[in-house]
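The residues making up each chain are set out below.
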Amino acid sequence: MTELPPGAALAEMPGFSAPAWDEAHRLAELRSYGILDTPPERDFDEVVQFAAQLCAAPIAVVNLIDQDRQFFKAEIGLSLRETPLDVSICAHAILQPDLFVVPDTTRDPRFAANPLVTGAPHLRFYAGALLETAEGLPLGTLCVLDYVARPEGLTPEQAFGLQILARQVMAQLELRRALAMREASERRFRVLADAMPQMVWSTLPDGSHDYYNARWYEFTGVPFGSTDGAGWNGMFHPDDQARAWARWRHSLESGEPYEIEYRLRRADGVYRWTLGRALPVRDAEGRIERWFGTCTDIEDIKATEDALRRSEERLRLALSAAEMVGTFIWDVRADRIAADPGFARLFSVAPEALAAGVSIAALEPAVHPEDALRLRARIRAALQGERGFEAEYRLRQRDGGLRWVVARGRCEGDAAGQVSELRGVIMDITERKLAEEGQELLARELSHRIKNIFTVIGGMISLSSSGATPEVRGFAQVLRRRLQALAVAHDYVRPEAAGAAPGGGTTLRGLLATLLAPYGGEESGRLRLMGDDVPVGVKAATSLALILHELATNAAKYGALSREAGHVAITLERRGERLGLTWQERGGPEVAGPPERRGFGTILAERGSLQLGGRVAQDWDRAGLTLRLEVPLARLAG
Amino acid sequence: MRRILIVEDDPMVALDLEEIVLGADAQARVALAASVREAERALASLEFDAALLDIDVLDGKTYEVATRLHERGTPFAFVSASRPEELPAPLRNVPFVPKPYDPADIERTLRARLIGED
């Protein structure tokens with residue numbers, strides 16, 4: 001069989017019947033024992049010595065059949081560690097069950113041409129007991145050989161003994177493999193454990209620690225091995241030690257998983273919140289063999305959680321404080337509005353229903369009918385591009401009452417720019433609304449009274465002059481008109497409904513238009529109002545009203561407005577922080593010059609503009625009076 | 001000879017209005033009422049050609065008086081410190097002279113809207 005090339009697979013060798021196993025599987029199994037190419041060992045050497053003695057044979061071998069060679073783990077009488085497979089007798093033996101005996105190799109066609117038979121060492125007798133795994137895979141043989149043929153073969157005792165020894169070799173191999181596997185497994189575990197970001201430890205069943213991974217030592221900074229046994233407990237914050245110990249004892253006694261949060265001392269002395277967990281590893285009978293545990297630094301997570309919890313708590317408190325606020329998310333396309341209990345309460349809907357989500361239609365009945373249209377319009381506007389949403393409306397309550405609310409929200413769009421959600425808050429503003437209404441009522445009542453007082457004074461002036469001389473009656477009329485101008489100005493700048501901007505949005509042009517209305521206003525074409533508009537406040541309004549009233553009455557009596565063709569141009573011009581007002585009369589009677597006596601109007605204009613921090617100049621041109629007034633904008637708004 | 005009803009609870013203002021009315025029509029007979037009750041009593045016994053109504057008087061608002069005048073076809077105007085927009089909708093077309101008034105406005109309203117002169 002020398003003609004076979006080295007490396008030919010055993011099963012493919014001619015003359016071999018097909019084995020019951022897969023050769024690749026057998027080889028993998030053989031290698032798993034880690035025995036190939038290992039040096040001689042006493043355990044195996046003693047076996048071959050004993051086999052040789054038992055069988056009175058000069059040669060005995062523990063022979064393992066590799067892919068293309070046979071390796072001798074132990075041998076006596078050969079002084080070889082391996083030979084090629086093509087000269088192997090054992091390669092045949094492993095195809096036979098139990099014991100394979102060749103009484104005379106020269107008479108067996110399988111071996112007669114074997115160079116070990118035909119030449120040195122002239123092997124004539126062979127007996128091999130199979131080395132077989134529990135699975136039934138043959139790894140090799142324990143065999144004895146002789147230089148002389150033994151037609152009688154082995155005695156029954158020898159045959160039995162050889163098989164017993166073969167099984168001992170197998171047991172030895174199994175033991176080796178089990179130990180190697182365990183070592184590898186432990187090695188793997190340590191590598192794995194050391195690579196973990198967590199601290200890993202293990203204990204014996206009684207709870208005493210016998211292992212910590214590298215991370216533990218790195219984190220705690222303690223010397224290697226110093227926390228074995230029960231030393232770990234000292235690493236905990238004093239306030240946590242008793243609790244952790246009790247919990248650990250409980251797990252040890254009950255076998256229940258261990259889980260606890262405690263503060264663990266880091267190498268720098270800082271205690272960090274740590275999550276400790278451990279699970280028992282049980283044997284086949286359910287007895288605890290070991291405990292494996294981990295410690296995870298959760299300080300940062302805990303800090304984040306705390307912050308989040310506090311923030312949520314604050315939000316919840318804020319929302320529930322006055323039971324005045326609710327939040328909602330409306331999935332526009334699905335028409336599901338989901339909201340919190342605050343929202344549910346305001347809409348008189350079961351909180352569970354709103355937590356799950358309802359359609360907008362389910363909420364509409366709560367909205368006051370007078371506000372429903374306006375609310376819908378606002379929602380539509382928000383959905384159609386405004387994005388921002390704000391609406392004030394009334395909600396009908398279960399008790400029949402009404403609550404004013406303001407809803408504010410924002411539309412969220414999808415990637416395509418389509419509105420997908422409208423999220424927002426709703427706030428009960430009933431108290432504010434009532435206060436505003438009260439304030440408005442008060443303001444209205446006050447305004448009403450002031451107007452009545454003006455009316456009474458006006459009546460009093462007229463009645464006081466009733467029956468008097470025409471001069472006195474004329475004077476009373478003038479006085480009454482001045483009073484009227486004051487009243488008009490006062491009414492114009494009166495505090496508007498609460499909530500309006502200071503000054504109520506009143507402007508100088510608005511005031512002038514109101515004051516000059518009795519003179520025909522702008523429609524008459526005789527009064528023209530031009531230029532910049534500026535805000536005007538209560539104080540300035542009354543002064544200006546009196547000044548303008550005098551100008552207008554004088555114009556009507558003696559100036560431009562006393563003639564059909566006459567007209568007045570009033571020009572307003574902002575000059576930095578000041579406002580210039582020009583009153584120019586044209587088309588009236590020719591003006592001879594400044595009046596000899598300073599009239600009430602002039603005095604009022606001078607004093608009034610002074611009081612407003614401004615100045616006045618009058619130009620008595622022949623064509624008509626031009627009055628220029630300049631007042632700081634800030635004082636005008638006051 | 002016209003009969004004019006003035007409903008006004010402030011005596012000074014009532015007298016002033018009376019003066020103005022008489023200034024416009026010296027022949028007129030003016031009846032003064034300071035409350036809704038007095039106004040209704042006057043309406044129950046007399047026919048009027050026109051009326052000037054304050055809105056807030058001693059015993060309430062004069063809306064019912066206004067409604068009665070309207071039903072009778074008697075022209076009238078409000079003379080009030082209230083705002084016209086506070087009026088009930090059916091009364092918003094009634095002439096309205098805000099207080100404090102310029103006597104000329106009262107006279108103009110009387111002539112143009114109430115006593116058919118101009």
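Because the structure is predicted, anything quoted here is derived from the model rather than measured. (Residues numbered from 1 in each chain as written. Chains lettered and ligands numbered in written order. Predicted model: local features only at pLDDT ≥ 70, side-chain atom pairs only at ≥ 80, totals over all residues. Heavy atoms only, no water.)

A.B. asks: When you look at the domain arrangement of chain A in this model, what are you seeing that I'm missing?
C.D. replies: Interfaces are often sized by the amount of accessible area the parts lose when they come together. Residues and elements named next belong to chain A. As far as domains go, chain A holds domain 1 (10-180), domain 2 (196-302), domain 3 (322-428), domain 4 (429-500) and domain 5 (502-638). A separation of 44 Å is found between the C-alpha centroids of domain 3 and domain 4. In this complex, domain 3 contributes eight residues to the contact, which on the side of domain 4 involves six residues. In total, about 590 Å² of surface goes out of reach between domain 3 and domain 4, with carbon and sulfur atoms giving 49% of it. Where domain 3 touches domain 4, the interface holds three salt bridges. A salt bridge links Glu 392 to Lys 433; the nearest nitrogen and oxygen atoms lie 2.8 Å apart. Linking domain 3 to domain 4 there are eight residue pairs in polar contact (both at pLDDT 80 or more). (Domains from an automatic or database assignment. Contact = heavy atoms within 4.5 Å. Buried area = accessible area lost by both parts, 1.4 Å probe. Salt bridge = Lys/Arg side-chain N within 4 Å of Asp/Glu carboxyl O. Polar contact = N/O pair within 3.5 Å; in protein donor to acceptor, adjacent residues only side chain to side chain.)

A.B. asks: Sorry if this is basic, but what is going on with the UniProt feature "domain: Response regulatory" (unreviewed entry) in chain B here?
C.D. replies: Summarizing the sequence annotation, UniProt attributes the feature "domain: Response regulatory" (unreviewed entry) to residues 3-114 of chain B in the numbering used throughout. Annotation note: span residues 3-114 of chain B, helix share 41%, strand share 23%, distance between end C-alpha atoms 11 Å. (UniProt positions renumbered as here; feature names shortened; annotations may be inferred. Helix = DSSP H or I, 4+ residues; strand = E, 2+ residues; numbered from the N terminus.)

A.B. asks: In this structure, what is going on with empty space enclosed by the protein? I would like to understand it.
C.D. replies: Gaps between atoms show up when a probe of the same size as a water molecule is rolled over them. All names here are of chain A. In this structure the tally under the stated criterion is three cavities of 30 Å³ or more. In this structure, the largest cavity spans a volume of roughly 230 Å³. Considering each element in turn, the lining of the largest cavity owes the most residues, four residues, to helix α12 (residues 369-386). Estimated volume of the second largest cavity: approximately 90 Å³. Considering the residues around the second largest cavity, the lining is formed by Trp 201, His 209, Tyr 212, Trp 216, Trp 232, Phe 236, Trp 248, Tyr 258, Tyr 262, Gly 276 and Cys 295. Secondary-structure elements contributing two or more residues to the lining of the second largest cavity are β8 (209-212) and β9 (258-265). Taken together, the residues of the lining of the second largest cavity sort by class into nine nonpolar, two polar and no charged. (1 Å grid on protein atoms, 1.4 Å probe; cavity = no way out; pocket = protein on both sides within 12 Å on 5 of 7 lines; lining within 4 Å. Points joined across faces, edges and corners; volume = space filled by probe spheres on them. Nonpolar A, V, L, I, M, F, W, Y, C, P; charged D, E, K, R; others polar.)

A.B. asks: How should the packing of helix α13 (residues 430-465) of chain A against helix α14 (residues 470-492) of chain A be read in this particular structure?
C.D. replies: When two helices pack together, you describe them by how their axes are tilted relative to each other and by the distance separating the axes. All names here are of chain A. Relative orientation of the contacting elements α13 and α14 amounts to 175 degrees, with a least axis distance of 8 Å. Classed by the angle they form, the pair α13 and α14 counts as roughly antiparallel. Residues Ser 447, Ile 450, Lys 451, Phe 454, Thr 455, Ile 457, Gly 458, Gly 459, Ile 461, Ser 462 and Ser 465 of α13 form the contact with α14, whose participating residues are Val 472, Arg 473, Ala 476, Leu 479, Arg 480, Leu 483, Leu 486, Ala 487, His 490 and Asp 491. The residue makeup of the contact of α13 with α14, split by class, is 10 nonpolar, seven polar and four charged. (Axes fitted to C-alpha atoms, helices over the stretch in contact; angles between N-to-C directions. Parallel < 35°, antiparallel > 145°, perpendicular 65-115°, else oblique.)

A.B. asks: Just to check I follow, could you spell out the interface of chain B and chain A for this structure?
C.D. replies: Of the residues lining the interface, 17 residues belong to chain B; the matching set on chain A comes to 18 residues. With both sides pooled, the region where chain B packs onto chain A buries about 1,600 Å², and carbon together with sulfur makes up 56% of that total. The largest contributions to the chain B side of the interface with chain A come from Met 12, Arg 83 and Pro 100 of chain B, which together make up 36% of the buried area. Linking chain B with chain A are four salt bridges. Here Asp 16 of chain B makes a salt bridge to Arg 480 of chain A, at a shortest N to O gap of 2.7 Å. There are seven residue pairs in polar contact (both at pLDDT 80 or more) connecting chain B and chain A. At the level of elements, α1 (11-24) and α4 (103-114) of chain B are the ones that each hand at least two residues to the side of chain B that touches chain A. Looking at the side of chain B that touches chain A element by element, the count peaks at five residues for α1 of chain B. By residue class, the composition of the side of chain B that touches chain A is eight nonpolar, one polar and eight charged.

A.B. asks: Quick question: what am I supposed to make of the pairing of strand β6 (residues 138-146) of chain A here?
C.D. replies: All names here are of chain A. With nine of nine residues buried, β6 is to be regarded as a mostly interior element. In this structure, strand β1 (residues 59-65) lies alongside β6, joined through six bridges in antiparallel fashion. Counterpart to Ile 59 in the pairing with β6 is Leu 145. Where strand β5 (residues 125-132) and β6 come together, eight bridges link them in antiparallel fashion. By the bridge assignment, Leu 130 is partnered in β6 with Thr 141. The hairpin formed by β5 and β6 contains five residues between the paired strands, and Gly 136 there has a positive phi angle of roughly 95 degrees. (Buried < 20%, exposed > 50% of the residue type's maximum accessible area, 1.4 Å probe, protein only. Pairing = 2+ DSSP bridges.)

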